[in-house]
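Here is what each chain is made of, one letter per residue.
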Amino acid sequence: MENTKLLENMRHSGAHLLAHAVTSLYPEVKLAIGPAIDYGFYYDFDFGNTQIKEDDLPKIEEKMRELQKKDFSFEKIEMNISDAKDFLKKSGQIYSLSLLEDLEEKGSTRKEEFTNAKNTVETVTFYKSGDFINLCRGGHVKSYGQIGEYRLISIAGAYFRGDEKNKMLTRIYAACFDTKSQLQTFLKELGEAAFY
């Protein structure tokens, strides 16, 4: 996959697939953010009282592959801010609600982009894949089947929005590449780096 934007969209779509799998296995989980990164993607979760360990990654990855075989497409859904807030409140997705409130009040969900421009955003987008719906501004491949080769590689703690005053969440990292050989090369290099 030569196009950088297409690779980024594939990786971001992988984050949706990860969140879909996790919500299927742990229905009470709260979702935070799931961006593409240089070598793949990650997603931040609040598992409540459930402790997730690296031993759980194969089970989550297996669920991802099961969902990927269904090749759900990414269906864009637009909602006005008020309906979106109601939807997130009803679904208990407190972190997405917090991001949405910042978008409404400050014009962005990213602190570095805050403008304090009240009501600059009137509608927001969600993306639906199968029974999974997630607040997201987009950048996806057409369907789960177009997500390349991936492997869940680690778990870390991360404060919501990087602020130590916020709750510590569980971040699951994944490597994701267009081809199996690219993924294998990365995993080999990652394994060798662990010895230095």
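Here goes a summary of the coordinates provided. (Residues numbered from 1 in each chain as written. Predicted model: local features only at pLDDT ≥ 70, side-chain atom pairs only at ≥ 80, totals over all residues. Heavy atoms only, no water.)

Some points on the overall build of the chain
Rules: By definition, any uninterrupted DSSP run of H or I lasting at least four residues is a helix, any uninterrupted run of E lasting at least two residues is a strand, and each is numbered from the N terminus. Working definition: with a 1.4 Å probe on protein chains only, accessible area under 20% of the residue-type maximum means buried, over 50% means exposed, and in between means partly exposed. In this analysis, two residues are considered to be in contact whenever any of their non-hydrogen atoms come within 4.5 Å of each other. Surface exposure here means Shrake-Rupley accessible area, sampled with a 1.4 Å probe, where a residue is shielded only by the protein chains that are shown.
Counting its secondary structure elements, the chain contains 5 helices and 8 strands. For the chain, the succession of helices and strands along the chain, N to C, is α-β-β-β-α-β-α-α-β-β-β-β-α. Out of the 196 residues in the chain, the part that is buried amounts to 44%. If you take every contact in the chain between residues at least 6 apart in sequence, the share linking residues at least 24 apart comes to 67%. For the chain, the computed accessible surface area is about 10900 Å², with 47% contributed by carbon and sulfur atoms.

Some remarks on the packing of helix 1 (residues 4-25) against helix 2 (residues 57-69)
For the record, the criterion: For helices, the fitted axis covers only the stretch in contact; all axes are lines through C-alpha atoms, and the angles between them, taken along N-to-C directions, range from 0 to 180 degrees. Any angle that falls under 35 degrees is termed roughly parallel, while one over 145 is termed roughly antiparallel, one within 65 to 115 roughly perpendicular, and all others oblique. When the near helix sits turned anticlockwise from the far one by under a right angle, the crossing is termed left-handed; a clockwise turn instead gives a right-handed crossing.
Direction vectors running N to C along helix 1 and helix 2 enclose 110°, while the axes themselves pass 9 Å from each other. The pairing of helix 1 with helix 2 is recorded here as roughly perpendicular in orientation. As helix 1 packs across helix 2, the resulting crossing turns out to be right-handed. Contacts between helix 1 and helix 2 involve Gly14, Leu17, Leu18, His20, Ala21, Val22, Ser24 and Leu25 from the first element and Lys59, Ile60, Lys63, Met64, Leu67 and Gln68 from the second.

Overview of the pattern of salt bridges
Oppositely charged side chains are able to pair whenever their charged atoms sit close together. Note the cut-off: Salt-bridge detection follows one rule: a side-chain nitrogen of Lys or Arg within 4 Å of a carboxyl oxygen of Asp or Glu.
Inspection of the entire model under this criterion finds 9 salt bridges. Taking the shortest distance from any N to any O, the salt bridge between arginine 65 and glutamate 61 comes out at 2.9 Å. Of this pair, arginine 65 and glutamate 61 both sit in helix 2, 4 residues apart, which is roughly one turn of the helix. The class for arginine 65 is partly exposed, based on a relative accessible area of 30%. Accessibility expressed as a relative area gives 11% for glutamate 61, which makes it buried. Linked by salt bridges that have partners in common, Glu61, Arg65 and Arg151 make up one network.

Quick look at the sheet that holds strand 6 (residues 132-135)
Definition in use: Any two strands with at least two DSSP-identified bridges between them are counted as paired.
The antiparallel open sheet is built from 3 strands, whose spatial order is 4-5-6. Of all strands in the sheet, those bounded by a partner on one side alone are strand 4 (75-80) and strand 6. Each strand of the sheet is rotated relative to its neighbour by a mean of 30°, with strand direction disregarded. As defined by bridge partners, strand 4 adjoins strand 5 (residues 123-129) across 6 bridges and the pair is classed as antiparallel. Looking at strand 5, one finds that glutamate 75 is bridged to lysine 128. Its contacts with the sheet put helix 1 on strand 5 and strand 6, and the angle it makes with strand 6 is roughly 125°. Each of strand 4, strand 5 and strand 6 is contacted by helix 3 (residues 81-91), which is oriented at about 110° to strand 4, the strand it contacts most.

Focus: the packing of aromatic side chains
To keep it simple, the criterion reads: Two rings belonging to Phe, Tyr or Trp (six-membered ring only in the last case) form a pair when the distance between their centres is within 6.5 Å. Interplanar angles under 30 degrees mark stacking, angles over 60 mark edge-to-face geometry, and anything in between is tilted.
In total, this model carries 10 aromatic pairs according to the counting rule given. Relative to tyrosine 144, the ring of phenylalanine 72 has its centre 6.0 Å away and its plane inclined at 80°; by these criteria the two rings are edge-to-face. Taken as a pair, phenylalanine 72 in the loop between helix 2 and strand 4 and tyrosine 144 in the loop between strand 6 and strand 7 (149-159) lie far apart in primary sequence, 72 residues in all. Since its relative accessible area comes to 0%, tyrosine 144 is described here as buried. Their ring planes at 75° and their centres at 5.5 Å tell us that phenylalanine 74 and tyrosine 144 sit as a pair that is edge-to-face.

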